[in-house]
Amino acid sequence: MATNRDYYEILGVSKSATPDEIKRAYRKLAMEHHPDKHGGDDAKFKEIGEAYETLKDDQKRAGYDQFGQAGASGNPFGGGAGGQQYTGGFGGAEGFDFSDILNQFMGGSGTGAQQRRPTRGRDLEVSVSIDFLEAIFGVQRDITLTLDEPCEHCHGNGAEPGKGTKQCPTCKGAGQVTRVQQTILGGIRQAVICPTCDGAGQIPVEVCTVCKGAGVMRRQKTTSIKIPAGIDDGMAVRITGAGAAIKNGKARGDLYVRVRVKSDKRFNRVDQTISSEAAVTMAAAALGTEIDVATVDGNVTVKIPAGTQSGKIFKLSGRGVPGVGGRSRGDHLVTVTVEIPTKLSARQKELLEAFAAEQDSHKKGFFKR
Ligand SMILES: [Zn+2]
Ligand SMILES: [Zn+2]
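None of the values given here were measured: they were computed from a predicted structure.

**Side note on the overall build of the protein chain**
Here's step 1: Across its full length, the protein chain holds 11 helices and 15 strands.
Here's step 2: Restricting the contact set of the protein chain to residue pairs at least 6 apart, pairs at least 24 apart contribute 63%.
Here's step 3: Working note: accessible area of the protein chain is about 22100 Å², and carbon and sulfur atoms make up 51% of it.

This is the structure in structure tokens:
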């Protein structure tokens, strides 16, 4: 019974997991769910086994990556209903380009299997949390990661230095082997990378005694990351070549530092614009005043002209967020709220009544209580 769950998901590994990581994940899960064990689970154990059978085999894995379970089982068009549907649609289906599927299956030029083999290490992603103001002005952070570093003993090729190499017994030095894939058109011969020598045609006489042939060693490494001014929540900084190394890799992966920006209760930010609120009294709004407004640069004095209405927005040009990459700074918008007093002293009441009387008499010529 084939499972419908994703094989990578079953083993809890990423799509770019190395054969070693897959093996480790399989062993751990197989131990955990072994039916002989107390709390074991036969169905789960079988599922894990099925996933591993496919992913441990480079050819099956490549097929699975491209076509799912049908690809892994050697029939790219699937069995049962899938196959019938295809056969039925072959003559009349609109816009169905058979050569597309064939090309995809053949890996385009026929060297697809070779292209699929990773030649650079995996990309890594970490997240860091920074303060609101650090995002505005930029900050330096040290990030410690555990990652695959090239083995110093063999310089990443997995061979014991000075022992030389010998011809690969699997491919006889050709670097690739031919496999026959059964399709509804009959067998298709496909050249794939030799799984024993990874296409090199040669294998070490003796594997590296330090990394046991892996070419890489898991190590802790601290990288200093410069987070640029103006970065926003959710953005990532890419550090080229700071990701994982890989055996015989042409390049290392990249490191993505995903930035989480903490909020600040004084400020709101949308892209490069910062906004905040400031309250003024009713009398000050009517008469005009100056207020101190907190900005990311510290307090700034803002002139509130006489007759300012509640909700009026004042723009502090250039007090916003710098553009990543040196673009000019955005603005800070202050929304002024005019506070209506909720409690009045007897004297204030008297004055306001006199004020109201004055206002009313202007309008109507007299004051009626
Ligand atoms: Zn080594
Ligand atoms: Zn070989």
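Now that the structure has been shown, we can carry on.
**Describing the sheet that holds strand β11 (residues 273–281)**
Here's step 1: Spatially, β10-β11-β15-β14 is the arrangement adopted by the 4 strands of the open sheet, whose pairing is mixed. If you trace the sheet from one side to the other, it starts and ends with β10 (268–270) and β14 (313–316), each paired once. Between one strand axis and the next, the sheet turns by 30 degrees as a mean value, whatever way the strands run.
Here's step 2: Sheet topology note: the β10/β11 ladder contains 3 bridges and is antiparallel.

**Some points on the coordination of the zinc ion (ligand 2)**
Here's step 1: The zinc ion (ligand 2) binds to the protein through Cys168 (SG), Cys171 (SG), Cys194 (SG) and Cys197 (SG); the donor distances cover 2.2 to 2.3 Å.
Here's step 2: Given 4 donor atoms and angles of 104 to 117 degrees at the metal, the environment of the zinc ion (ligand 2) is assigned as tetrahedral.
Here's step 3: Sequence spacing of the donor residues for the zinc ion (ligand 2), all on one chain, is C-x2-C-x22-C-x2-C.
Here's step 4: Exposure remark for Cys197: the relative accessible area of 7% places this residue in the buried category.

**As for helix α2 (residues 19–33)**
Residues three or four positions apart in an α-helix share a direction because the helix packs 3.6 residues into each turn.
Here's step 1: The end-to-end C-alpha distance of α2, which contains 15 residues, comes to 21 Å, matching closely the 21 Å that a straight helix rising 1.5 Å per residue would cover.
Here's step 2: Restricting attention to buried positions, one finds in α2 the residues Glu21, Ile22, Ala25, Leu29, Ala30 and His33. End-on view of α2: buried residues confined to an arc of 155 degrees, all on one side of the axis. Within α2, the exposed residues directed more than 90 degrees away from the buried face are Arg27, Lys28 and Met31.

**Some points on the coordination of the zinc ion (ligand 1)**
For a metal bound by four donors in a tetrahedral arrangement, the ideal donor-metal-donor angle is 109.5 degrees, while six donors in an octahedral arrangement ideally sit at 90 or 180 degrees.
Here's step 1: Donor atoms from the polypeptide that bind the zinc ion (ligand 1) are Cys151 (SG), Cys154 (SG), Cys208 (SG) and Cys211 (SG), placed at 2.2 to 2.3 Å.
Here's step 2: Considering all 4 donor atoms around the zinc ion (ligand 1), angles at the metal cover 102 to 116 degrees and the coordination shape is tetrahedral.
Here's step 3: Here Cys151 falls in the buried class, since its relative accessible area comes to 1%.
Here's step 4: Assessed through its relative accessible area of 1%, Cys208 is described here as buried.

**Some details on the side chain of Arg61**
Here's step 1: If you trace the backbone, Arg61 turns up in helix α4 (residues 58–67).
Here's step 2: In this structure the side chain of Arg61 is engaged in a polar contact, spanning 3.0 Å, whose partner is the side chain of Tyr8.
Here's step 3: At 2.8 Å, the side chain of Arg61 forms a polar contact with the backbone oxygen of Ala17.
Here's step 4: Excluding residues within four positions of it along the chain, Arg61 makes contact with Tyr8, Lys15, Ser16, Ala17, Thr18, Pro19, Ile22, Thr54 and Leu55.

**Focus: the confidence of the model for the protein chain**
Here's step 1: For the protein chain, the average pLDDT comes to 82, and 83% of its residues sit at 70 or higher.
Here's step 2: In the predicted structure, residues 73–115 sits below a pLDDT of 50 and forms 50 contacts with residues beyond four places in sequence or in another chain.

**Here we look at the pattern of salt bridges**
Here's step 1: With the rule as written, the count across this model stands at 22 salt bridges.
Here's step 2: For the salt bridge of Arg120 with Asp254, the shortest nitrogen-to-oxygen distance reads 3.2 Å. Here Arg120 is found in the loop between α8 (112–116) and β1 (124–130), whereas its partner Asp254 is found in the loop between β8 (236–239) and β9 (255–261), with 134 residues between them in sequence.
Here's step 3: Overall, the relative accessible area of 6% leaves Asp254 in the buried class.
Here's step 4: We note a salt bridge from Arg329 to Asp297, for which the minimum N-O separation is 3.1 Å. Within this pair, whereas Arg329 is found in the loop between β14 and β15 (332–339), its partner Asp297 is found in the loop between β12 (289–295) and β13 (298–304), the two being separated by 32 residues in sequence.
Here's step 5: For Asp297, a relative accessible area of 32% translates into the label partly exposed.
Here's step 6: Connected via shared salt-bridge partners are Arg120, Asp123, Arg238 and Asp254.

**What to know about the environment of Ile274**
Here's step 1: The topology assignment puts Ile274 in strand β11.
Here's step 2: Residues Ile274 and Thr295 lie 21 residues apart in sequence; the distance between their C-alpha atoms is 8.6 Å.
Here's step 3: Not counting the four nearest positions on each side in its chain, Ile274 is found in contact with Phe132, Ile136, Phe267, Asn268, Val296, Arg319, Gly320, Val321, Asp331, His332 and Leu333.

**Re unusual backbone geometry**
Here's step 1: In the Ramachandran plot, Asp198 falls in the positive-phi region, its phi being about 60 degrees despite a non-glycine side chain.
Here's step 2: With a phi close to 55 degrees, Asp271 is a non-glycine residue in the positive phi region.
Here's step 3: Of the residues examined, Asp271 reaches a relative accessible area of 57% and is grouped as exposed.

Quick notes on the rules
- Residues numbered from 1 in each chain as written.
- Chains lettered and ligands numbered in written order.
- Predicted model: local features only at pLDDT ≥ 70, side-chain atom pairs only at ≥ 80, totals over all residues.
- Heavy atoms only, no water.
- Helix = DSSP H or I, 4+ residues; strand = E, 2+ residues; numbered from the N terminus.
- Contact = heavy atoms within 4.5 Å.
- Areas by Shrake-Rupley, 256 points an atom, 1.4 Å probe, with all protein chains shown as cover.
- Pairing = 2+ DSSP bridges.
- Axes fitted to C-alpha atoms, helices over the stretch in contact; angles between N-to-C directions.
- Donors = N, O, S within 2.8 Å, 3.2 Å for Na, K, Ca; no water.
- Tetrahedral: all angles 85-135°; square planar, octahedral: opposite > 155°, others 65-115°.
- Buried < 20%, exposed > 50% of the residue type's maximum accessible area, 1.4 Å probe, protein only.
- Expected span 1.5 Å × (residues − 1).
- Arc of directions from axis to C-beta.
- Polar contact = N/O pair within 3.5 Å; in protein donor to acceptor, adjacent residues only side chain to side chain.
- pLDDT = per-residue confidence, 0-100.
- Salt bridge = Lys/Arg side-chain N within 4 Å of Asp/Glu carboxyl O.

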